[in-house]
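Chains, contacts and geometry: an overview
In case you want the letters, here they are:
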Amino acid sequence: MGFSETKQVLGTGADGSIITFNSTESLLPGNEDMDFVVSWLKPLIPSSGLSDGDFLYLAAAVGVATCPGAPQLQFFAGRPRAVAPVSPDSGVPKPTDSVTSILGRFSDVGFAPSEVVSLLSAHSIAANYLTDKPFFIETLLQGTLFPGNGSNIGEVLSPMNGEVRLQSDFNLARDARTACVDANKLRGRLAKLSLLGQNKGELIDCSSIIPVPAPLPPTIRPHFPAGFSNKNVQKACATQAFPSLTVDPGPVTSVPRATCWGGGIDCWLHQQPPTPIPVV
């Protein structure tokens, strides 16, 4: 999001500057947890022959392909090397921003509210091996607890132990402008995001090299986590009835504590000592 169609000082878009200028950009608001991710990727880039921007989006597309049920993402190669870091006001939306502010920021780069919802479904991919579209299901469950060391900036009550709920996700799931939006079409939205600031006509479509994700098992459908049901839902869409869903069997769902690589946000929220990042 270091790009703007109205403020040219922000940055040049999807060029991998977060890797090229990591020592600077990792300190910007909204990027605090990116430095340890970059530290995994950066040593691999020189031998690949790709620019930082191309490698970043290749890694993202291949990573998503490991998730059963996920879309096969598009990958375009040929981005030039980033020439400068984004400005201190990077424009990256924060969990504490209002819905109006977040939608306005995305509108500035050409994304409608429905497209913002699709992009936020990537939060589900980041947290689940099976992408069974739980974004609005779990986000609409009434929060009752904080999973870590109490309330943190940008965090709100979660329905289950171990799950961190972002304030922005909570608000977007309940706002009239976004509450009724289907979070499908992630493939096209991510492709659009990956081309911000780039001339698509000068890039090469290399999407065929991205693995095709395995399909979801036929038994996996949108569902309530074990221990939750319709009575726990804070219904937000006034024009559509909440669907009738099955409930997973078993004890009340909790989310296992993630391995705390390198000292990222998981460590901060759960007060864990970081696990050293493995050397590739």
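Cut-off values and rules
Numbering of residues starts from 1 in each chain and follows the order in which that chain's sequence is written. Since the coordinates come from a predicted model, pLDDT governs what is reported: local features require at least 70, and pairs of side-chain atoms require 80 or more to be given and counted, while whole-chain, interface and lining totals use all residues. For side-chain calculations, the full set of non-hydrogen atoms in the structure is used, while hydrogens and water are omitted. Definition of nonpolar core: a set of buried residues of the types Ala, Val, Leu, Ile, Met, Phe, Trp, Tyr and Cys, connected through side-chain atoms within 4.5 Å. For the exposure calls, accessible area comes from a 1.4 Å probe over protein chains only, and a residue counts as buried if that area is under 20% of its type's maximum, exposed if over 50%, partly exposed in between. Contacts are assigned to residue pairs that have any heavy atoms within 4.5 Å of one another. Think of pLDDT as the predictor's per-residue confidence, scored from 0 to 100. Basic side-chain nitrogens of Lys or Arg form a salt bridge, by our definition, when they fall within 4 Å of a carboxyl oxygen of Asp or Glu. Under the DSSP-based scheme used, a helix requires at least four consecutive residues in state H or I and a strand at least two consecutive residues in state E, with every element numbered from the N terminus. Aromatic pairs are defined between Phe, Tyr and Trp rings, using the six-membered ring for Trp, whenever the two ring centres lie within 6.5 Å; interplanar angles under 30 degrees are classed as stacked, those over 60 as edge-to-face, and all others as tilted. Look at NZ for Lys and CZ for Arg. If either is within 6 Å of the ring centre and within 35 degrees of the ring normal, a charge sits over the ring. The angle between two axes is taken between their N-to-C directions and runs from 0 to 180 degrees, where each axis is a line fitted to C-alpha atoms and a helix contributes only its stretch in contact. Oblique is the label for any angle not under 35 degrees, not over 145, and not in the 65 to 115 range, which are roughly parallel, roughly antiparallel and roughly perpendicular in turn. Charged residues are taken to be Asp, Glu, Lys and Arg, nonpolar residues to be Ala, Val, Leu, Ile, Met, Phe, Trp, Tyr, Cys and Pro, and polar residues to be all remaining types, Gly included. The arc in question is formed by the directions pointing from the helix axis toward the C-beta atoms. In plain terms, two cysteine sulfur atoms within 2.5 Å form what is called a disulfide here.

Of all hydrophobic cores here, the largest spans 13 residues; its most connected members are Val117, Leu141, Phe224 and Val233. Here Phe224 is in contact with Ile137, Leu141, Ser229, Asn230, Val233, Phe242, Leu245, Thr246, Val247 and Asp248, once residues within four sequence places are set aside. Grouped together as the second largest cluster of nonpolar side chains are 12 residues, Phe3, Val109, Leu119 and Leu120 included.

Turning next to the confidence of the model for the chain. In the predicted model, the chain carries a mean pLDDT of 83, and 85% of its residues have values of at least 70. Every residue in residues 261-280 is under pLDDT 50, and counting partners more than four places away or in other chains gives 46 contacts.

Turning to the pattern of salt bridges, a few remarks are in order. Counted by the stated rule, this structure contains five salt bridges. The partner of Arg189 in a salt bridge is Glu115, and the shortest N-O contact between them spans 3.6 Å. In this pair, Arg189 sits in helix H10 (residues 186-194) while Glu115 sits in helix H6 (residues 113-120), placing the two residues 74 residues apart along the sequence. For Arg189, a relative accessible area of 17% translates into the label buried. The residue Lys192 makes a salt bridge to Glu115 at a minimum N-O spacing of 3.1 Å. Of this pair, Lys192 sits in helix H10 while Glu115 sits in helix H6; the two residues are 77 residues apart in sequence, bridging distant segments of the chain. The exposure class of Lys192 is partly exposed, given its relative accessible area of 31%. Taking relative accessible area as the criterion, Glu115 reaches 11% and is therefore assigned buried. Overlapping salt bridges, with partners in common, bring together Glu115, Arg189 and Lys192 in one network.

To continue, consider the packing of aromatic side chains. Going through the model one piece at a time under the given rule, you end up with two aromatic pairs. Summarising the aromatic geometry, the rings of Phe106 and Phe111 are spaced 6.0 Å apart at their centres and angled 85° between planes, so their arrangement reads as edge-to-face. Of the two residues, Phe106 and Phe111, both sit in the buried class. Look at Phe224 and Phe242: their rings are 6.0 Å apart centre to centre, the planes differ by 25°, and that puts the pair in the stacked class. One end of the pair, Phe224, is in strand S5 (residues 223-224); the other, Phe242, is in the loop between S5 and strand S6 (246-247), and 18 residues separate them in sequence. Here the guanidinium or amino end of Lys192 rests over the ring plane of Phe111, the centre of that ring lying 4.6 Å away.

Interhelical geometry of H6 versus H10 gives an angle of 100° and a closest axis separation of 9 Å. Put simply, H6 runs roughly perpendicular to H10. Contacts between H6 and H10 involve Ser114, Glu115, Ser118 and Leu119 on the former and, on the latter, Leu186, Arg189, Leu190, Lys192 and Leu193. Split by residue class, the contact of H6 with H10 holds four nonpolar, two polar and three charged.

Further remarks concern helix H5 (residues 99-107). By the burial criterion, the buried members of H5 are Val99, Ile102, Leu103, Arg105 and Phe106. Down the axis of H5, the buried set is contained in an arc of 160°. They therefore lie on one face.

What follows is about the state of the cysteines. Put plainly, a disulfide is one covalent bond tying together the sulfur atoms of two cysteines. For the structure shown, the criterion picks out one disulfide. Two residues share a disulfide in this structure: Cys180 and Cys237, whose sulfurs sit 1.9 Å from each other. When the S-S torsion is 110°, as for the bridge of Cys180 with Cys237, the disulfide is right-handed. In this pair, Cys180 sits in the loop between helix H9 (167-172) and H10 while Cys237 sits in the loop between S5 and S6, placing the two residues 57 residues apart along the sequence.

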